[in-house]
Amino acid sequence: TGPHRIDSLHPSVFLFLFKMPMFSFPKEVKKSHVRMMGCQVAALCGASILMKDQAAGKYIPAFLMFDYTSRLFFGGKVSLLGNSAAALGPVVFDPKETEPGNPKQFATLCGVMFSTMATAAHFSGNTDAGAMVAGALMCAAGMEGLFDFCLGCQFYGMGVKMGLI
């Protein structure tokens, strides 16, 4: 027993999640935050690939799956990568530029799908497939972070043109 046990915390500590509306993705996002998250995801995917045969190799995609899912449902405020990108992004990238949020929300959904596939592959014992999916996610996130090219946003734009979205 002690102050660090989760069952000793007051329930109001967790109420902030229930006060936030689901799918509260912002209408506009700061480009510096998005690019920094891309760099972070690319680095974590690279670490996952390098450690694919170790225990940490399967927990990194699981962390990314959780982080992408929290960003999709609640925006960047409850995301660990979102908060660190908000702190580090303006230092590295231009903090004034913004982008529309809808394409970025679709790209986040793509991140959920890819990180879920990588997690499922790793936890089912198929580490090579997990590394390949993490590699695809690393390429897409790296393009966003390094070159400001959002692959998910491109697919979003095609979906809008075809009337699918």
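Residues numbered from 1 in each chain as written. Predicted model: local features only at pLDDT ≥ 70, side-chain atom pairs only at ≥ 80, totals over all residues. Heavy atoms only, no water.

S.K.: Help me out: how do you make sense of the packing of helix α5 (residues 101-123) against helix α6 (residues 127-147) in this one?
M.R.: How two helices sit against one another is set out by the angle between their axes and by the gap between those axes. Across the interface, α5 lies against α6 with an axial gap of 7 Å and an inter-helix angle of 160°. As far as their axial angle goes, α6 and α5 are roughly antiparallel. The interaxial crossing formed by α5 with α6 has left-handed handedness. Contacts from Lys104, Gly111, Phe114, Ser115, Met117, Ala118, Ala121 and His122 in α5 reach Thr127, Ala129, Gly130, Ala131, Val133, Ala134, Ala136, Leu137 and Glu144 in α6. Here the residues of the contact of α5 with α6 are counted per class, giving 10 nonpolar, 5 polar and 2 charged. (Axes fitted to C-alpha atoms, helices over the stretch in contact; angles between N-to-C directions. Helix = DSSP H or I, 4+ residues; strand = E, 2+ residues; numbered from the N terminus. Parallel < 35°, antiparallel > 145°, perpendicular 65-115°, else oblique. Left-handed = near helix turned anticlockwise from the far one by under 90°. Contact = heavy atoms within 4.5 Å. Nonpolar A, V, L, I, M, F, W, Y, C, P; charged D, E, K, R; others polar.)

S.K.: Which parts of the structure should I look at to understand the packing of aromatic side chains?
M.R.: When we look at a pair of aromatic rings, we describe it by the centre distance and by the angle of the planes. Going through the model one piece at a time under the given rule, you end up with 2 aromatic pairs. A ring pair is formed by Tyr59 and Phe123, whose centres lie 5.5 Å apart and whose planes are at 80°; its orientation type is edge-to-face. Note that Tyr59 is positioned in helix α3 (residues 55-74) and Phe123 in helix α5, a separation of 64 residues in sequence. The class for Tyr59 is partly exposed, based on a relative accessible area of 47%. Residue Phe123 is classed as partly exposed on the basis of its relative accessible area, which comes to 42%. Considering the side-chain rings of Phe106 and Tyr156, the 5.9 Å spacing of their centres and the 50° angle between planes classify their relative orientation as tilted. On the criterion of sequence distance, the pair formed by Phe106 in helix α5 and Tyr156 in helix α7 (residues 151-161) is long-range, its members being 50 residues apart. For Phe106, a relative accessible area of 24% translates into the label partly exposed. (Phe/Tyr/Trp six-rings, centres within 6.5 Å; stacked < 30°, edge-to-face > 60°. Buried < 20%, exposed > 50% of the residue type's maximum accessible area, 1.4 Å probe, protein only.)

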